[in-house]
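Letter by letter, the chains look like this.
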Amino acid sequence: MPKKHNWHKETAMIHEGYDSKEHQGSLAVPLYQTATYVFDSAEQGERRFAGEESGNIYSRLGNPTVRVLEERIAKMEEGAGGLAFASGMAAVSAVLVHVTKANDHVVCSRGIYGCTFGLLKIMEEKYNITHTLTSMRTEEEIEKAVTDETTCIYVETPINPTMELVDLQAVSNVAKRHGLRVIVDNTFCSPYIQTPLTFGADFVLHSATKYLNGHGDVIAGLLVGKDQEEMQKIRSTVQKDFGGVISPFDAWLLLRGIKTLPVRMDRHSSNARILFDYLKKHPKIEEVFYPFDDQHPQYEIAEKQMKTGGGLISFTIKGGKEEAQKFLNSLSLVKLAVSLGDAETLMQHPATMTHSGVPKAERDKMGVTDSLLRLSVGLEHMDDIMADLEQAFNAI
Ligand code: LCS
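Just so we're clear, the structure is a prediction, and the values are computed from it rather than from any experiment.

1. Remarks on the site of the ligand
The environment of the ligand is made up of 17 residues, and the closest members are Asp185, Ser207, Thr209, Lys210 and Arg374. Contacts to the ligand include Lys210, whose side-chain N or O atom sits 3.0 Å from a nitrogen atom. Here Ser339 contributes a backbone N or O atom positioned 2.8 Å from a nitrogen atom of the ligand. In isolation the ligand offers 480 Å² of accessible surface; the protein chains occlude 92% of this area. Given that more than half its atoms are within 2 Å of the pocket grid, the ligand belongs to the second largest pocket. Its residues placed into classes, the shell around the ligand shows five nonpolar, eight polar and four charged. When we break the shell around the ligand down by domain, the ones giving at least three residues each are domain 1 (9-258) and domain 2 (262-394).

Below, the structure written as structure tokens:
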């Protein structure tokens, strides 16, 4: 086992969970692209299945490359254990299945990723696990949504795609009073910017497809918890038996991406901050949403729980769907694509794309209007991004 260290986050992202001496001196974490493992004897196979001897059995139950990734993300999120999944949605569904049973109730931030909303609908239709979406602006507002059946509070902050924030400390205070578990989707921030477990959350999860990987070539999910035994339980039940595990190759790519997360996040954030000032003054824009704005009503929350503002901005364009689509069709360097957190600047139209599965009435309550656009600011030179946006604004 690699030695435990007390490294800074930037160092842990490069070294945590790996000792080259255990891998023939290989500097890079080796890719164990194997489905299964050979036992020395039938007795050894029996001991491993009985849990009496540690060691590899089969890659759905664990893989050496994946294990390094799991240790690394656990350290980055200041948790006790990590699990890697085939997608962000596999991580969301694993933890929600783990913390609920039939007839329970979930309190959710108003504004969650469209497929998380889809999953909640399935849980309601099949198992009567109901949910309440609430703005979570105050502890009282969160508390009002709690019922006798509530078992957990599920939060995104910043919320996809409106960039509204939820005060993580306030959520934990309510959860403590009612004995509820708190799950935070930290995809928009990454652990470099925000660590929800340090504000009292029980679980933090990621669509690692986004900033953690950062290169637009992997679909993956990660889950971290603060109780090692509980994470082991999820590994040996929901993860093993539902089976949505990450492939070793995707884990290897993620380990490679995570090494540069701090430098990428700093550049995403500084580029976004400059773009925010440009968009705010633009005559074709109605409103811009970016939490690291000292005029933003939730700036105090941003300062309390986020290190920088991150790379996402959303804004409403003057006009409606027609103007929004015309603008998107005029982009050239900026790519018209869903997903976020890549080196490339990406834009999408949430009402007809990522959040099209959310009923219109609920979308309106979330603020996902037809004129809302989401911008994932990339790592290109600022002047080139701005020039492309300007020519697209001129086309409408
Ligand atoms: N959580 C958040 C906040 C997300 O934005 C996404 C995907 C997921 C979970 C699910 O992760 P996946 O299974 O795709 O790895 N968000 C997307 C988006 O905004 N555009 O495309 C996908």
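2. A short note on empty space enclosed by the protein
Summed over the entire model, instances satisfying the criterion amount to one cavity of 30 Å³ or more. In this structure, the largest cavity occupies an estimated 60 Å³ of space. Taken together, Ser59, Arg60, Gly62, Asn63, Val66, Glu70, Ala84, Arg235, Gln239, Val245 and Ile246 make up the lining of the largest cavity. Secondary-structure elements contributing two or more residues to the lining of the largest cavity are helix 3 (64-76) and helix 8 (228-242). A breakdown of the residues in the lining of the largest cavity according to their chemical character gives four nonpolar, four polar and three charged.

3. Some words on the sheet that holds strand 10 (residues 335-336)
Taken in spatial order, the five strands make up an open sheet running 8-9-12-11-10, and their pairing is mixed. Two strands close off the open sheet at either side, each with one partner strand: strand 8 (285-289) and strand 10. Note that strand 9 (residues 312-317) and strand 12 (residues 372-376) share five bridges and pair antiparallel. Within the sheet, the bridge partner assigned to Ser314 lies in strand 12 and is Arg374. Contacts between helix 10 (residues 261-280) and the sheet are confined to strand 8, strand 9 and strand 12, with strand 9 contributing the most and set at about 10 degrees to the helix.

Here is what the cut-offs are and how they apply
Residues numbered from 1 in each chain as written. Predicted model: local features only at pLDDT ≥ 70, side-chain atom pairs only at ≥ 80, totals over all residues. Heavy atoms only, no water. Near = heavy atom within 4 Å. Polar contact = N/O pair within 3.5 Å; in protein donor to acceptor, adjacent residues only side chain to side chain. Areas by Shrake-Rupley, 256 points an atom, 1.4 Å probe, with all protein chains shown as cover. 1 Å grid on protein atoms, 1.4 Å probe; cavity = no way out; pocket = protein on both sides within 12 Å on 5 of 7 lines; lining within 4 Å. Sits in = over half its atoms within 2 Å of the grid points. Nonpolar A, V, L, I, M, F, W, Y, C, P; charged D, E, K, R; others polar. Domains from an automatic or database assignment. Points joined across faces, edges and corners; volume = space filled by probe spheres on them. Helix = DSSP H or I, 4+ residues; strand = E, 2+ residues; numbered from the N terminus. Pairing = 2+ DSSP bridges. Contact = heavy atoms within 4.5 Å. Axes fitted to C-alpha atoms, helices over the stretch in contact; angles between N-to-C directions.

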